[in-house]
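# Working through the structure, step by step
Okay, here's what each chain looks like letter by letter:
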Amino acid sequence: MESQADNSKNSRAERAVSDIVMAELFLVQATIESASALGEGLTGLREQLSSESDTGEDFRTFLERTRKQLTEPYTSRFSYWRDIASDSKES
């Protein structure tokens, strides 16, 4: 027969494993999105360097936009995960 302390330990362990799995899923999702943005960024870079692009966008602006596209998936997933983790601690 398990005591209340054992149940509490098991519950905390299950929660920790669940948090790790959720964090890993968010990381995989963000990595896939970021890889797609990287491919688009490389295509844009090739166009910028070969002067095929006539968007009027200067190189600095192009790099800043690409950087934001690469980091956004990680930033948003981390924010989602942090919100989920804080909500679960409150309940």
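In the block above lies the structure referred to throughout.
All values reported here derive from a predicted model rather than from experimental measurement.

### Here we look at a nonpolar patch on the surface
Together, Val17, Val21, Met22, Leu25 and Ile84 line one region of the surface with nonpolar side chains, adding up to about 400 Å² of accessible area. Broken down by element, the nonpolar patch gets its largest block of residues, four residues, from helix α1 (residues 4-50). With respect to the helices and strands, isoleucine 84 occurs in helix α2 (residues 59-90).

### Observations regarding the pattern of salt bridges
Under the counting rule described, the total for this entry stands at three salt bridges. The salt bridge involving arginine 77 is made with glutamate 33; its shortest N-O contact spans 2.1 Å. Of this pair, arginine 77 sits in helix α2 while glutamate 33 sits in helix α1, and the two are 44 residues apart along the sequence. Since its relative accessible area comes to 34%, glutamate 33 is described here as partly exposed. In this structure, arginine 67 and glutamate 64 form a salt bridge, with 2.6 Å as the shortest nitrogen-oxygen distance. With a gap of three residues between them, arginine 67 and glutamate 64 both fall in helix α2, about one helical turn apart. Assessed through its relative accessible area of 33%, glutamate 64 is described here as partly exposed.

Parameters and conventions
- Per chain, residues are indexed from 1 in the order of the written sequence.
- Local features in a predicted model are, by the rule used here, given only for residues with pLDDT of at least 70; side-chain atom pairs are given and counted only at 80 or more, and totals for whole chains, interfaces and linings are based on all residues.
- By convention in this description, side-chain values take in all heavy atoms of the structure and omit both hydrogens and water.
- Each patch is built from residues that are more than 30% exposed by relative accessible area and take part in no salt bridge. Like charges join if they lie within 9 Å; nonpolar side chains (Val, Leu, Ile, Met, Phe, Trp, Tyr) join within 5 Å.
- For the area figures, the Shrake-Rupley method with a 1.4 Å probe applies, and any residue is considered shielded solely by the protein chains shown.
- Salt bridges are defined by distance alone: a side-chain nitrogen of Lys or Arg within 4 Å of a carboxyl oxygen of Asp or Glu.
- Secondary structure follows DSSP: runs of H or I at least 4 residues long count as helices, runs of E at least 2 residues long count as strands, and numbering of each begins at the N terminus.
- Buried, partly exposed and exposed residues are distinguished by accessible area as a fraction of the type maximum, computed with a 1.4 Å probe on protein chains only: under 20%, between the cut-offs, and over 50%, respectively.

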